[in-house]
Amino acid sequence: SPSGGTPVFTFCIETPDDFDTLGYIASDGTVVHIYNGTETDVTKTGYVAAASTAVRSFCALQGLRYLNQEDRVPWVYDTGTTKYITLANWDANHRCKALRAFKDYLIALNVTKSGSGIPNMVKWSDISQYKTVPSSWDPSDTTKSAGENTLAEIKTAILDGMQLRNSFLVYAADQVWTMEETEGPDVFTFYKTFGDRGIVNTNCVVEVDGAHLVFDD
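What this report covers is the structure whose coordinates are included nearby. (Residues numbered from 1 in each chain as written. Predicted model: local features only at pLDDT ≥ 70, side-chain atom pairs only at ≥ 80, totals over all residues. Heavy atoms only, no water.)

## Side note on the nonpolar core
Of all hydrophobic cores here, the largest spans 18 residues; its most connected members are Ile 107, Leu 109, Val 122, Trp 124, Met 179, Phe 188 and Phe 190. Elements supplying a minimum of two residues to this core: β9 (94-102), β10 (105-113), β11 (116-124), β14 (167-172), β15 (176-181) and β16 (188-194). Other than its neighbours up to four places away in sequence, Val 122 contacts Ile 107, Ala 108, Leu 109, Gly 147, Glu 148, Asn 149, Leu 151, Ile 158, Val 170, Met 179 and Phe 190. The next biggest cluster of nonpolar side chains, apart from the first, holds 17 residues, and it includes Val 73, Leu 87, Trp 90 and Trp 137. (Core = buried A, V, L, I, M, F, W, Y, C linked by side-chain atoms within 4.5 Å. Buried < 20%, exposed > 50% of the residue type's maximum accessible area, 1.4 Å probe, protein only. Helix = DSSP H or I, 4+ residues; strand = E, 2+ residues; numbered from the N terminus. Contact = heavy atoms within 4.5 Å.)

## As for the pairing of strand β4 (residues 38-41)
Within a regular strand, the side chains alternate between the two sheet faces. As defined by bridge partners, strand β3 (residues 31-35) adjoins β4 across four bridges and the pair is classed as antiparallel. Bridge assignment links Val 32 to a residue of β4, and that residue is Asp 41. Hairpin connection, β3 to β4: the antiparallel pair is bridged by two residues, and Asn 36 has positive phi, about 55°. (Pairing = 2+ DSSP bridges.)

## A word on the sheet that holds strand β1 (residues 7-13)
Strand order in the open sheet formed by four strands is β1-β2-β3-β4, with antiparallel pairing between adjacent strands. Unpaired on one side and paired on the other, β1 and β4 mark the two borders of the sheet. Neighbour-to-neighbour, the strand axes of this sheet turn through a mean angle of 25°, independent of strand direction. Where β1 and strand β2 (residues 21-26) come together, six bridges link them in antiparallel fashion. When the sheet's bridge partners are listed, Phe 9 is paired in β2 with Ile 25. (Axes fitted to C-alpha atoms, helices over the stretch in contact; angles between N-to-C directions.)

## Observations regarding a negative patch on the surface
A cluster of acidic residues, Glu 14, Asp 17, Asp 18 and Asp 20, forms a negative patch on the protein surface. For Asp 20, the location among the structural elements is in the loop between β1 and β2. (Patch = residues over 30% accessible without salt bridge, like charges linked within 9 Å, V, L, I, M, F, W, Y side chains within 5 Å. Areas by Shrake-Rupley, 256 points an atom, 1.4 Å probe, with all protein chains shown as cover. Salt bridge = Lys/Arg side-chain N within 4 Å of Asp/Glu carboxyl O. Lys, Arg positive; Asp, Glu negative; His and termini not counted. Charge placed at Lys NZ, Arg CZ, Asp CG, Glu CD.)

## Focus on the packing of aromatic side chains
Going through the model one piece at a time under the given rule, you end up with 12 aromatic pairs. Note on Trp 90 and Trp 137: the rings are 4.8 Å apart at their centroids and 80° apart in plane angle, and the pair reads as edge-to-face. Remark: Trp 137 occurs in the loop between β11 and β12 (147-150) and Trp 90 occurs in the loop between β8 (85-86) and β9; sequence separation between them is 47 residues. Trp 90 gets classed as buried once you look at its relative accessible area, which sits at 8%. Pairing Phe 102 with Phe 188 gives two aromatic rings, centres 6.0 Å apart and planes at 35°, and the pair type is tilted. Here Phe 188 lies in strand β16 and Phe 102 lies in strand β9, a separation of 86 residues in the sequence. Taken individually, Phe 102 and Phe 188 each receive the classification buried, so the pair is uniform in this respect. Ring-pair connections join several aromatic residues into one group, and the members of that group are Phe 102, Tyr 105, Trp 124, Phe 168, Phe 188 and Phe 190. Positioned above the aromatic ring of Tyr 47, the side-chain terminus of Arg 72 is 5.0 Å from the ring centre. If you follow Arg 72 out to its NZ or CZ, it ends over the ring of Trp 75, 3.7 Å from the centre. (Phe/Tyr/Trp six-rings, centres within 6.5 Å; stacked < 30°, edge-to-face > 60°. Lys NZ or Arg CZ within 6 Å of the ring centre and 35° of its normal.)

Written out as C-alpha cells, the structure is:
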C-alpha cells in the first residue's frame with residue numbers, strides 16, 4: 001500500500017546489503033525508494049508535482065542510478081545523496097524517449113532537441129568514470145567520446161534499446177539495429193539486424209540468460 005501516490009513505473013536497485021531497493025515513480029512524477037519496508041521520498045528538490053503519462057525508464061551505470069521521463073531532463077541518484085538531482089552536462093533543451101546504459105556510456109534514444117523531435121536518433125555520452133556522470137554529450141567536442149547518429153533507414157520511432165552481451169540492440173516498431181563499439185574515432189558502428197521485427201513500446205524488452213525476450217506486435 002504505497003504512500004507516495006499511484007505507482008506507474010517501478011525499478012529495482014541492487015545493493016551489496018541484505019536488501020535491494022525497490023523504487024517507483026508516481027503518476028505525478030514524484031519518486032519513492034523502498035528499502036527494508038521503509039518508504040523514502042527521493043524526488044528532486046524543487047520539483048513541482050504534475051500528472052503526466054510520459055514514458056519512464058531506468059538504468060544504472062558506474063555506481064549511479066538514472067531515471068528518465070521523456071518530458072523532462074533526466075535525473076541521477078548517488079547513494080551518497082538523499083534526493084535525485086538533474087543530470088549535469090546534459091543540454092537543458094534536450095529530451096529522450098528512453099535512457100539506457102551500455103558499457104561505460106549512457107545511451108539516449110529517440111531524441112528531441114529544443115522541441116524538434118528526431119525519433120530515429122541514437123545519442124551517446126562521453127565515457128563515464130565510477131561515481132561520476134558523463135562529462136559531455138557534445139558530438140562536436142573531439143576531445144570526448146560523445147556522439148550521435150540518425151538511423152535514416154528507420155521510418156518509425158525508436159522506442160527502446162538494451163545491451164545484449166557485447167552489443168547494444170536498438171528497437172523501433174518494425175526494425176532492430178545493432179550498435180557495437182569500434183574502439184576507433186567513430187566510437188560506434190550500426191547495422192540492421194531485423195527489418196521485419198520490432199517492439200510494441202518502451203520497457204517491453206528484458207535480458208534473460210544471454211537472450212532478449214521482446215514484445216513484438
